[in-house]
Amino acid sequence: LRDSEYKFRVLTETSPAAIFLYQKEKIVYANPATARILGFAEEALQELRLRDWVPSELSDMVQNQGLAQQLGGLVVSPFECKFTTKSGEERWGHISTGRVEFRGNPAGIVIIHDITKRKEVEEGLRKSTEKYQAIVEAFDGLIYICSDDYRIEFMNNKLINRTGRTAVGEFCYKALQDRDSVCPWCVNKRVFAGETVHWELQSPKDGRWYYVVNAPIHNADGSMSKQSMIMDITERKVAE
């Protein structure tokens, strides 16, 4: 029993996640991380009721019957939500709850992983994605991305509207030029060797002139893709 108690005490007291037990809304055990994450002094935790800080997702359960009674053996699926520390700081937690036996009586258990930094990174990525999406959609031209085997990976809306469909997964020479083989003017090999290629082309499909910029894209997984940015310059060529 001593060995078992020592093992579980070490596990809970060294855990970076908040772990605490409560009975009838009163906290009966809390590990050190609970005080750190919630911003309370350890001794103050014993005086807290669960409803003093419980996230809104669980507030109805607490107010109605108390979470321990409401669970009755049921484990609530883990969820993510904001919670407020004693200092008023809003943080994000991944919260798991359940029911255990503690000193011969049922008790609720709550485990909170502080995921605030992860959420901040996700929010930064979301804003970055929205920014670049806005830039792509504002570009007055056609954009597509393809792999080294000529498969289309992305098309902007202007190109989708021009072709009349989303051709992701299709060969670029078939979807864009209606050809059965690689275009003779294709610069894929140069681009996948790391070169950015600028050039002008009169399309044999519609007879219009285009200024094309083909650039390599280094993907996060180590692979490469080719990005093509295409601008119609027919009016300029006619003027020339």
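Description of the structure in this document. (Residues numbered from 1 in each chain as written. Predicted model: local features only at pLDDT ≥ 70, side-chain atom pairs only at ≥ 80, totals over all residues. Heavy atoms only, no water.)

**What about the nonpolar core?**
We count it as follows: Residues belong to one nonpolar core when they are buried, are Ala, Val, Leu, Ile, Met, Phe, Trp, Tyr or Cys, and are joined through side-chain atoms within 4.5 Å. Burial status follows relative accessibility: with a 1.4 Å probe on protein chains alone, a residue under 20% of its type maximum counts as buried, one over 50% as exposed, and anything between as partly exposed. Runs of E in the DSSP output that reach at least two residues are strands. Runs of H or I that reach at least four are helices, and both are numbered from the N terminus. Only heavy atoms matter for contacts: two residues are in contact if any of them lie within 4.5 Å across the pair.
Formed by 22 residues in total, the largest nonpolar core has its most connected members in Tyr-144, Ile-152 and Met-155. Mapped by element, the contributors of at least two residues to this core are strand 6 (142–146), strand 7 (152–155), helix 7 (157–163), helix 8 (172–177), strand 8 (197–202) and strand 9 (209–218). Setting aside anything within four residues of it in sequence, one finds Ile-152 in contact with Ile-145, Cys-146, Ala-167, Val-168, Gly-169, Glu-170, Phe-171, Cys-172, Ala-175 and Leu-176. Ala-30, Phe-40, Leu-45 and Phe-79 belong to the second-largest nonpolar core, a separate cluster that totals 17 residues.

**Things to note about the packing of aromatic side chains**
Selection criterion: Ring pairs shown here join Phe, Tyr and Trp side chains whose ring centres sit within 6.5 Å, with only the six-membered ring taken for Trp; geometry is labelled stacked below 30 degrees between planes, edge-to-face above 60, and tilted in between.
Scanning the entire structure with this criterion turns up three aromatic pairs. An angle of 65° between the planes, with centres 6.0 Å apart, marks the rings of Tyr-150 and Tyr-173 as edge-to-face. Of the two residues, Tyr-150 is situated in the loop between strand 6 and strand 7 and Tyr-173 in helix 8; the sequence distance between them amounts to 23 residues. Under the relative-accessibility criterion, Tyr-173 is labelled buried at 11%. Considering the side-chain rings of Phe-171 and Tyr-173, the 5.2 Å spacing of their centres and the 10° angle between planes classify their relative orientation as stacked.

**Re the sheet that holds strand 1 (residues 18–23)**
Note the threshold: One bridge is not enough; two strands pair if DSSP finds at least two bridges between them. For helices, the fitted line uses only the C-alpha atoms of the stretch in contact; every axis is such a line through C-alpha atoms, and the angle between N-to-C directions lies from 0 to 180 degrees.
The strand order across the open sheet formed by five strands is 2-1-5-4-3, and the pairing between neighbours is antiparallel. A strand with exactly one partner marks an edge of an open sheet, and here the two such strands are strand 2 (26–30) and strand 3 (79–84). In this sheet, adjacent strand axes meet at a mean angle of 40° when their direction is disregarded. Here strand 1 pairs with strand 2 via four bridges, running antiparallel. Following the sheet pairing, Tyr-22 is matched in strand 2 by Ile-27. Against the sheet, helix 6 (residues 116–138) touches strand 3, strand 4 (90–102) and strand 5 (105–114), its axis set at about 140° to strand 4.

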